[in-house]
Structure formats: C-alpha cells, structure tokens
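# Per-entry structural report
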Amino acid sequence: MLHAVPITRKQFLEDRQGRTFGDVLDDPEQPFDDVLAFFDDAERQRRMEDAEIHHDRAALSGVVRELEAQPAVDQFLASEDPRRTKRLRQAIGVVVRIIMEQRGWRKTGKKGSLGVRVNVARGTTTPGAYHNTGGLAFWFLRAERYERIDGMPFRSVKDRARECVGGDGE
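The rules behind the values
- Residues numbered from 1 in each chain as written.
- Predicted model: local features only at pLDDT ≥ 70, side-chain atom pairs only at ≥ 80, totals over all residues.
- Heavy atoms only, no water.
- Helix = DSSP H or I, 4+ residues; strand = E, 2+ residues; numbered from the N terminus.
- Buried < 20%, exposed > 50% of the residue type's maximum accessible area, 1.4 Å probe, protein only.
- Contact = heavy atoms within 4.5 Å.
- Areas by Shrake-Rupley, 256 points an atom, 1.4 Å probe, with all protein chains shown as cover.
- Lys, Arg positive; Asp, Glu negative; His and termini not counted.
- Charge placed at Lys NZ, Arg CZ, Asp CG, Glu CD.
- Phe/Tyr/Trp six-rings, centres within 6.5 Å; stacked < 30°, edge-to-face > 60°.
- Salt bridge = Lys/Arg side-chain N within 4 Å of Asp/Glu carboxyl O.

### Topic: the overall build of the protein
Helix and strand counts for the protein come out as eight helices and four strands. Starting at the N terminus and ending at the C terminus, the protein contains elements arranged as α-α-α-α-α-α-α-β-β-β-β-α. Dimensions of the protein, computed from the C-alpha atoms along their principal axes, are close to 55 × 40 × 25 Å. Expressed as a percentage of its 170 residues, the buried residues of the protein come to 39%. Of all intrachain contacts in the protein linking residues separated by at least 6 positions in sequence, the fraction that spans at least 24 positions is 70%. For the protein, the exposed area adds up to about 9,600 Å²; of that, 50% sits on carbon and sulfur atoms. Between the mean site of the 29 positive side-chain charges and the mean site of the 28 negative ones, the protein shows a separation of 4 Å.

Put into structure tokens, the structure is as follows:
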C-alpha cells in the first residue's frame, strides 16, 4: 500500500526555500492550499517517481497535466500578472522538492523541459501571456530533475550508448 508524504503549510514554511514564499502563502487569491491538497496523494507522488525512473523526465512531468487541469490553479495562472504566477510556479517546484527528498530522492542540479514557450515580449504584464505552444505542459516551462539517493534502478540511454558504442554514443 502506498503512503503519501504529507506536506503542510507549516512544513513548507520551515523549509529553507519554502520560507521565501510567504507572499504566496499569505495571498488569499493564490491557490496554494489547492496545490498542497493536490500533492497530498500517494498515487500522484508515485507518478512523480515513475516519471524519473521509467520515463527519464522531471518528476513534475508525471502530474503536471493533471495539476494544470485543477480549476483554481488553471484560472489563477491564466488570469494573473506573470510575476505573480511565476511565484506560484516556483513554490510548486519547492513542494515537489520537499516531497521527493522525503521519499528518498535528491536534486541532480539539472532541469528537464516541460514545454516550448510562446514568443512574447520580455517583461510583459499581460495575464496568461507566458504559456507554452508545445510540449507536455501549458504553464510550466522546465522542472528540476531528481535521482534516488540509493541509486537509480536503470541506467540512462546515454550511459548505455557510451558503453555499447564508446564515446558519446553517436
């Protein structure tokens, strides 16, 4: 039986990065409680791990479409100033990190692509302007990659190709 790693507002604010997002937690218009409720689910957390293990993609990619389909999250990301939505998206990244670390993972220091950003004028304040035109996610551009602390169960294709062909695999 799977168990979810719960995360509360208190835990989030006790985290070194989480505490820098007090503005997100204190803003009643931000759907942060909806985000916490979304991630407090064993099946979703398993899918985040599966994204890394079986699909060689960022953990968030395992649930990002479902997250973006949450009415409160989608409406906020579509209707607010991009600076405010960026803060929520960053806070979501911290939630994912806290969960993954509690489940035995660590950051790799690399980001994985989630989408291809629409071409908009830099610095625009038009609500909903920063969305993707392709890729996996509509609102998220990239996400942190993770690896199991006790080692990954499978080698990457890149590593296998190096062994098989030698060099960079090409």
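### Thoughts on the packing of aromatic side chains
Evaluated as defined, the whole model comprises four aromatic pairs. A centroid spacing of 4.8 Å and a plane angle of 85° characterise the contact between Phe 138 and Trp 139, whose relative ring orientation is edge-to-face. Accessibility expressed as a relative area gives 37% for Phe 138, which makes it partly exposed. Three or more aromatic residues joined by ring pairs form one cluster here, namely Phe 12, Phe 21 and Phe 32.

### Topic: the pattern of salt bridges
Considering all chains together, one arrives at 19 salt bridges under this definition. Across the pair Glu 29 and Arg 84 runs a salt bridge, and its minimum N-O distance is 3.3 Å. Of this pair, Glu 29 sits in the loop between α2 (22-26) and α3 (32-39) while Arg 84 sits in helix α7 (residues 82-102), placing them 55 residues apart in sequence. Look at Glu 29 and you get exposed, because its relative accessible area is 52%. In this structure, Glu 144 and Lys 111 form a salt bridge, with 3.7 Å as the shortest nitrogen-oxygen distance.

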